[in-house]
Amino acid sequence: MPPRLVGHQGSLTGKQFPIGSTPVTLGRNGDNSIVIVGENVSRFHAEVRREGHGFVLYDSGSSNGTHVNGTRVTSHELQPGDLIAIGTETFRFEAADAMETILDLSVLRPLGPSSQAALAAGPVLNVTVSGGGPVGLSFALLLEHLMGHRVAITVYDGRWTQDGPKVVWKSESQGNVRRQQVVTVQSRQYLNLPEGVQERLFRGDAYSEMWPVGPDSIRGRSPRNLRIAYIEDTLLDMANEKPDRIRLVPETFDPAEHQKSGTKDHVLAICEGGRSRTREHFADKFGNADKSIYSLHGQHIQDVVLGLRVTSTLTDPMTVLLTVAQNRFLLNALRGEGFLNMRLTDEEAAEVVGIDPVRHVFEECIASRPCVMGRDDHGDFQCSTHSTLFLPAMVKGSALWKRVLEGLTLFGVAEQNLRAVTAFRLDMVQRPRFTTRLHSATSTSPGTYGFLLGDAANAIHFWPGRGLNSGLGSAVSLARTLNGAWTGRPFRDADFARHEAAMSMLQYRHKSRAWNTMITTDENGVSRPIKEKIAQSIEESEGKDLDRNADIDALMERLRSIRDRLASRLPGMPDDTTLRNHLDSLNSSTLRTLWESGAWDTLIVGGEEVDIDIFYQQDPSPAATKTPATS
């Protein structure tokens, strides 16, 4: 049914008066669309007109006035549920019924340029973003790029502080340990960011192209490695340059206080990460996460990864080859400097603790927060937040630390070039929904929809950048959806059907890839965690006289096979002599564990990737295909 006025109180109760393109007039005169009898009603009392994509009520200069929700008005943009009182009659404004579900994606195209131009002078979309990391800032910048002055965005992050007119990241002395990990951003994601963002991110020597073109690559463009702190700095700088449409608030978002203050937001985008307090505040709206899909034999599978900040002397092709050939270590770096990620067994994970040197008590800060422990002047790894030391590095007989040092040798890292240690865990769950109505529209508020983006929606495996790529994909999807759906009226569930579908696909694809890098299948076809296979190899190798040459030969055969597959896409691969000499520097138990951990199963984790563009088909613009500056 079309928008309408419905009699709410008085002699016209229950009667419906559709509103179309012709103004609807109300008054005592018989020529009005709605005739109201009464002493306090003027002959031509008020009218409702369609303006843009909404409806506005105008009082026609009546003596006794027109009231909306108890307040006298001369004009008022109507919202669903508004009560209009004229004399003794009250009418309720009802918007059009929600659209039926549409399965043909071709009819769900976004608004074209001409439609967008028509909206230019329309109402402003109010958006709040909780969490100003790479995903939150990318979303804000892309939405501002698409909608211009039709949107007002506020971004909250407690890791920021005010520095004169600018908002900047807090320093370590202010309690913010910056993330220095290097992440791999796929062309499928970065080519969907605004051209200006691409130009700022990919300039000078800020990035490298370490990994070959793969399933996530489009237009023949390679994945690009960037330091995550550099991404955060660049995006925050760009957001500071748009104070008219992006307001930066250096505070942690408080959903309870925000709701008390009477929110005027149409949208709340939750981008706070895997431990989002805002998501948990609205847990009854988004639903409970399901662990069972990422469980084996009734037990939820969780990986713990030790992150080692290092500088490697190996070439990128050598690094890629050694990484793909086994499942114990992964190095992602920017010209050799990055993090060496080490998959831990459950027994090793229990050793990842700090010790307070004064009180002589153990602390799990590195494992539970997680904290970053950097080298101090004494060469110890110290947590600046909790003043604890990394225990395994201090215990001479620590089996874990000996294996850490073997990982350094594998990737050409001198011990003094290990500068920090951290840890993180993967705890994947299946989320039932990513979009929900947080607050319904009222006479004083527009109604708010909430969205989970980034790690608040999906925590992905430790492949560097996997979570960021999923997060950027979700940000692109939501920004495009809001740009196409905003008409000035309250949103409906149907407006976000495409975005919810895109989020479900992202969850399925990225988590299926992650799951297949957490588990393996034995010779009997039984699935088991890779960490258990590593633990079994360590246990069976301990104190044994291993056939070292046989293990080197087996690894060499695997390395040759991988090298042959990658050589056409990644020039500069090491020859056999270089590889064998390098492997010979490792001890026998490490060689056996590397072999038995297995190579990356690229056949299983490869394949078709989620293409956000299929949900938002449109003719490519020159800006969309232009190569960003890389100087």
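What you see is a predicted model, and the numbers here were worked out from it, not measured in a lab. (Residues numbered from 1 in each chain as written. Predicted model: local features only at pLDDT ≥ 70, side-chain atom pairs only at ≥ 80, totals over all residues. Heavy atoms only, no water.)

J.: Sorry, what's going on with the overall build of the protein here?
T.: The secondary structure content of the protein amounts to 21 helices and 35 strands. Seen through its principal axes, the protein has C-alpha atoms that stretch 105 × 55 × 50 Å. Here the protein holds 631 residues, and the buried ones make up 52% of them. Counted over contacts in the protein with a minimum sequence separation of 6, partners at least 24 positions apart contribute 70%. (Helix = DSSP H or I, 4+ residues; strand = E, 2+ residues; numbered from the N terminus. Buried < 20%, exposed > 50% of the residue type's maximum accessible area, 1.4 Å probe, protein only. Contact = heavy atoms within 4.5 Å.)

J.: Would you mind showing me how to read the pairing of strand 10 (residues 83–86) here?
T.: Regular strands have side chains that alternate between both faces of the sheet. The alternating pattern of strand 10 places Ile84 and Ile86 on a buried face, while none of Leu83 and Ala85, on the opposite face, is buried. Relative to strand 10, strand 7 (residues 66–68) runs antiparallel, the two sharing two bridges. Directly across from histidine 67, in strand 10, lies its bridge partner alanine 85. Note: strand 10 against strand 11 (residues 89–94), four bridges, orientation antiparallel. Residue pairing across strands places leucine 83 opposite arginine 92, the latter belonging to strand 11. (Pairing = 2+ DSSP bridges.)

J.: Any chance you could explain the nonpolar core here in plain terms?
T.: Inside soluble globular proteins, nonpolar side chains tend to come together where they are buried. Among the nonpolar cores identified, the biggest contains 72 residues, and Leu125, Val127, Phe139, Leu143, Ile153, Leu482 and Phe491 are the most heavily contacted of them. Not counting chain neighbours up to four residues away, the residues in contact with phenylalanine 139 comprise Val127, Val129, Ala269, Leu453, Ala475, Leu478, Ala479 and Leu482. Listed in part, the 55 residues of the second largest apolar core include Val304, Trp401, Met556 and Leu594. (Core = buried A, V, L, I, M, F, W, Y, C linked by side-chain atoms within 4.5 Å.)

J.: How should unusual backbone geometry be read in this particular structure?
T.: The phi torsion at histidine 297 lies on the positive side, around 55°, for a residue other than glycine. Note on placement: histidine 297 falls in the loop between strand 21 (295–296) and strand 22 (299–300). According to the relative accessible area criterion, histidine 297 is exposed, its value standing at 71%.

J.: Quick question: what am I supposed to make of the pairing of strand 20 (residues 267–270) here?
T.: Here strand 20 shows two buried faces, one formed by Val267 and Ala269 and the other by Leu268 and Ile270. Strand direction decides the pairing type here: strand 12 (residues 125–130) and strand 20, joined by four bridges, are parallel. Looking across to strand 20, one finds that serine 130 is bridged to isoleucine 270. Bridge count between strand 20 and strand 33 (residues 448–452): four bridges; the pairing is parallel. When the bridges of strand 33 are listed, isoleucine 270 appears paired with leucine 452.

J.: Help me understand the pattern of salt bridges, please; the structure alone is not making it clear to me.
T.: Where charged atoms from two side chains of opposite charge approach closely, those side chains can pair. As enumerated under the stated definition, the model contains 31 salt bridges in all. One salt bridge in this structure joins arginine 548 and aspartate 584, with 3.4 Å as the shortest N-O distance. Here the residue arginine 548 occupies a position in helix 17 (residues 548–566), and aspartate 584 occupies one in the loop between helix 18 (576–583) and helix 19 (588–597), the gap between them amounting to 36 residues. Taking the relative accessible area as the measure of exposure, arginine 548 reaches 21% and is therefore partly exposed. A residue is classified by how much of its surface remains accessible, and aspartate 584, at 47% relative accessible area, is partly exposed. Overlapping salt bridges, with partners in common, bring together Arg188, Asp216, Arg466, Arg513 and Asp611 in one network. (Salt bridge = Lys/Arg side-chain N within 4 Å of Asp/Glu carboxyl O.)

J.: Could you clarify how one ought to interpret the side chain of serine 217 in this entry?
T.: Looking at where serine 217 falls in the secondary structure, it is placed in the loop between strand 17 (207–208) and strand 18 (224–227). Separated by 3.4 Å, the side chain of serine 217 and the backbone oxygen of arginine 221 make a polar contact. When sequence neighbours within four positions are dropped, the list of residues in contact with serine 217 reads Gln186, Ser187, Arg188 and Pro223. (Polar contact = N/O pair within 3.5 Å; in protein donor to acceptor, adjacent residues only side chain to side chain.)

J.: Would you mind showing me how to read the sheet that holds strand 13 (residues 151–156) here?
T.: Strand-to-strand pairing in sheets goes through backbone hydrogen bonds, with the strands running parallel or antiparallel. If you walk across this open sheet you meet the six strands as 19-13-12-20-33-32, and the pairing is mixed. Sheet topology places strand 19 (246–249) and strand 32 (435–439) at the edges, where each strand pairs with a single neighbour. Between one strand and the next, the sheet's axes are offset by a mean angle of 20°, whatever the strand orientation. Bridge analysis of strand 32 against strand 33 gives four bridges, and the strand direction is antiparallel. Considered in strand 33, the bridge of threonine 435 is made with phenylalanine 451. (Axes fitted to C-alpha atoms, helices over the stretch in contact; angles between N-to-C directions.)

J.: What is the right way to look at the confidence of the model for the protein in this model?
T.: A low pLDDT means the predicted coordinates there should not be read in detail. Scored by pLDDT, the protein comes out at a mean of 87, with 91% of its residues at no less than 70. Low confidence marks residues 98–121, where pLDDT is under 50. Its contacts with residues over four positions away, or in another chain, come to 27 contacts. In the predicted structure, residues 618–631 sits below a pLDDT of 50 and forms 19 contacts with residues beyond four places in sequence or in another chain. (pLDDT = per-residue confidence, 0-100.)

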